[in-house]
Amino acid sequence: MASQAPHGLTVDSTHDEYALQSYVSALRMFTLQEIGGGLRGVYESRVKPSFEKNKGRAPKDEHEVRHAMMDDPYCRTWSSMMRSAQEMIWDSIIPSIERAQPDLNSKATALAKTPKGSLTLNPEVDVPRYVTASDIHLMPGNYHSERAPGDVSQGALYDRGVYVYAGGHGGPYGDSIGRSLAQHLKIRFPDFRPERILDIGCTVGHNILPFVDIYPDSEVHAIDVSAPVLRYAHGRAESLNQPMHLHQMNGEDMSFEDESFDLVLSVVTFHETSRTAMKKILSECHRVLKPGGLMIHMELPRTAEMDPFDAFYIDWDSYYNNEPFYQAFTSTDLKAAYADAGFSDEDYMEVMTPDVYSVPQEIFGAAASGPENKAERYGRLGESIHWTGWGAWKKG
Amino acid sequence: MTQKAEPKITLPRDAKGKRSVFFDDPAIDQMMTFILELSAEVSVVYDRLDTMERLLDDKGTISRDDIEAYRPNEDVEAARNERREAYLKRVFRMHPEPGPKD
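Residues numbered from 1 in each chain as written. Chains lettered and ligands numbered in written order. Predicted model: local features only at pLDDT ≥ 70, side-chain atom pairs only at ≥ 80, totals over all residues. Heavy atoms only, no water.

1. Side note on the environment of F343 of chain A
Logical step 1: Relative to the assigned elements, F343 of chain A resides in the loop between helix 15 (334-340) and strand 7 (348-354).
Logical step 2: You can call F343 of chain A buried: its relative accessible area is 5%. (Helix = DSSP H or I, 4+ residues; strand = E, 2+ residues; numbered from the N terminus. Buried < 20%, exposed > 50% of the residue type's maximum accessible area, 1.4 Å probe, protein only.)

2. Considering the interface of chain B and chain A
Logical step 1: If you look at the interface, chain B gives 47 residues, while chain A gives 60 residues.
Logical step 2: Carbon and sulfur atoms make up 60% of the area that chain B and chain A hide from each other, which totals about 4,800 Å².
Logical step 3: Run the count over chain B and chain A and you get six salt bridges.
Logical step 4: Across the pair E98 of chain A and R13 of chain B runs a salt bridge, and its minimum N-O distance is 3.0 Å.
Logical step 5: For the interface between chain B and chain A, the tally reads 18 residue pairs in polar contact (both at pLDDT 80 or more).
Logical step 6: When residues of the side of chain B that touches chain A are traced back to their parent elements, those giving at least two are helix 1 (26-59), helix 2 (64-69) and helix 3 (74-91) of chain B.
Logical step 7: Here the element with the most residues in the side of chain B that touches chain A is helix 1 of chain B; it accounts for twelve residues.
Logical step 8: Across the side of chain B that touches chain A, the residue classes break down as 19 nonpolar, nine polar and 19 charged. (Contact = heavy atoms within 4.5 Å. Buried area = accessible area lost by both parts, 1.4 Å probe. Salt bridge = Lys/Arg side-chain N within 4 Å of Asp/Glu carboxyl O. Polar contact = N/O pair within 3.5 Å; in protein donor to acceptor, adjacent residues only side chain to side chain. Nonpolar A, V, L, I, M, F, W, Y, C, P; charged D, E, K, R; others polar.)

3. Describing the packing of aromatic side chains
Logical step 1: Under the defined criterion, the tally for this structure stands at 18 aromatic pairs over all chains.
Logical step 2: Of the aromatic side chains, those joined through ring pairs into one cluster are W78, Y313, W316, Y319 and Y320 of chain A together with F22 of chain B.
Logical step 3: The ring of Y165 of chain A has R28 of chain A lying over it, and the distance from NZ or CZ to the ring centre is 3.7 Å.
Logical step 4: If you follow R302 of chain A out to its NZ or CZ, it ends over the ring of W390 of chain A, 5.3 Å from the centre. (Phe/Tyr/Trp six-rings, centres within 6.5 Å; stacked < 30°, edge-to-face > 60°. Lys NZ or Arg CZ within 6 Å of the ring centre and 35° of its normal.)

4. Describing the packing of helix 1 (residues 15-35) of chain A against helix 1 of chain B
Logical step 1: In contact at an axis separation of 9 Å, helix 1 of chain A and helix 1 of chain B are set at 125° when each is read in the N-to-C sense. Between helix 1 of chain A and helix 1 of chain B, the angle is such that the two are oblique. For helix 1 of chain A against helix 1 of chain B, the interelement crossing comes out right-handed. Between helix 1 of chain A and helix 1 of chain B, the contacting residues are H15, D16, A19, L20, Y23 and L27 of chain A on the first element and L36, S39, A40, S43, V44, D47, R48 and T51 of chain B on the second.
Logical step 2: For the contact of helix 1 of chain A with helix 1 of chain B, the class distribution of residues is seven nonpolar, four polar and three charged. (Axes fitted to C-alpha atoms, helices over the stretch in contact; angles between N-to-C directions. Parallel < 35°, antiparallel > 145°, perpendicular 65-115°, else oblique. Left-handed = near helix turned anticlockwise from the far one by under 90°.)

5. Looking at a nonpolar patch on the surface
Logical step 1: On the surface, a nonpolar cluster with roughly 280 Å² of combined accessible area is contributed by M31, F34 and I35 of chain B.
Logical step 2: Checked against the element boundaries, F34 of chain B lands in helix 1. (Patch = residues over 30% accessible without salt bridge, like charges linked within 9 Å, V, L, I, M, F, W, Y side chains within 5 Å. Areas by Shrake-Rupley, 256 points an atom, 1.4 Å probe, with all protein chains shown as cover.)

Honestly, that's just the spatial picture; any functional story needs more than this.
Right under this line is the structure:
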């Protein structure tokens, strides 16, 4: 695993913790790619033929594929390994955070003393049920739990956990999706110069920080419902000298003024909410956008155009990695949802970009500035990493 | 002299929500966790041994502090990754995929 870039709230690990995290990362990648790579063959060679023999037809959707696959020993073994490996990510990090405390919280408090940006917490914000009901990604304590005043533990756990999860493929700052999006927008819309940018569901700020870099003249705001990740995001951003304004706020009901942002975005937030929340967030995005402004949400690939096996594979996390809204989200008609929120069909836009760290700059640029403004193909993780987004301009 | 220590912060170890069971007998899922954890221990021991060997090559004699302070550089990490991948391939060798049932 490549080294994560240090910042003011980096948690030190022992020699053996570092070795363990590196191994867990390799184990998860191996399970995902090497063992997971055999799933399609298992499906085609025995699961599908056996289904066809019993039912006289092929599986009609991902749910039928899932039921059939989860009866197969190969898929059960893969799934059981994926689940245990995911749990091991958090387990490999938690002791180092406990050891770093309570100093870590004090460091965060110190970094917040003379800020260039700002942190506005609001204890009145109710953490919604989609965050409190189960620990997303199996991260014990999720984003919101706190055990002391000023606690940043969950932010530290998420920051390191995402890095181990991705095996460092998210770049040294874990910002690959945000950086890819910011670069893509900058190349594709050279005349678009947002003065105020808003990120919804920012957690520790991984994906909004590159906007501070790439749009240096803009004022960057980011919101989340969970205080521990916001405190951590604030300290992290301040220590990296990339200040932004963080607010404890729910995207379903924001206290920003109407028409106050030029760019409103989110990065893999929606699939961790709910259908009702998504509708409300979209209406709020429309409300806070200035006329001529852009809303864009980077998210998981849509399963509607996929064959049932691929849809099963993409949605596995919905059922076994504590991401209950994942499947409902990937099958939602976003264009229709955007129209309900007040955006016109003709103002709808999509982003499909190669990962900025995985391809040479000229290939990245060609994908953003080409006639289709799109990369040729997309996948989830692996050799060809691409990121997908769905957006709309607000009528000027 | 007693100094007032700040309260220790402990984090939960288990994720809230129902734990998935993949096999008919949940004990097999439990075994899977044991096996993966054991495989991790072996890898950690190997890295520690590798650290000792590298430090000894360089310095001739070493202390525990030297080991604790050691962090692999890019080349060493790449070599370790290669070793981990070969290890994973050996330990988690899936049985060949049979054809259609019956």
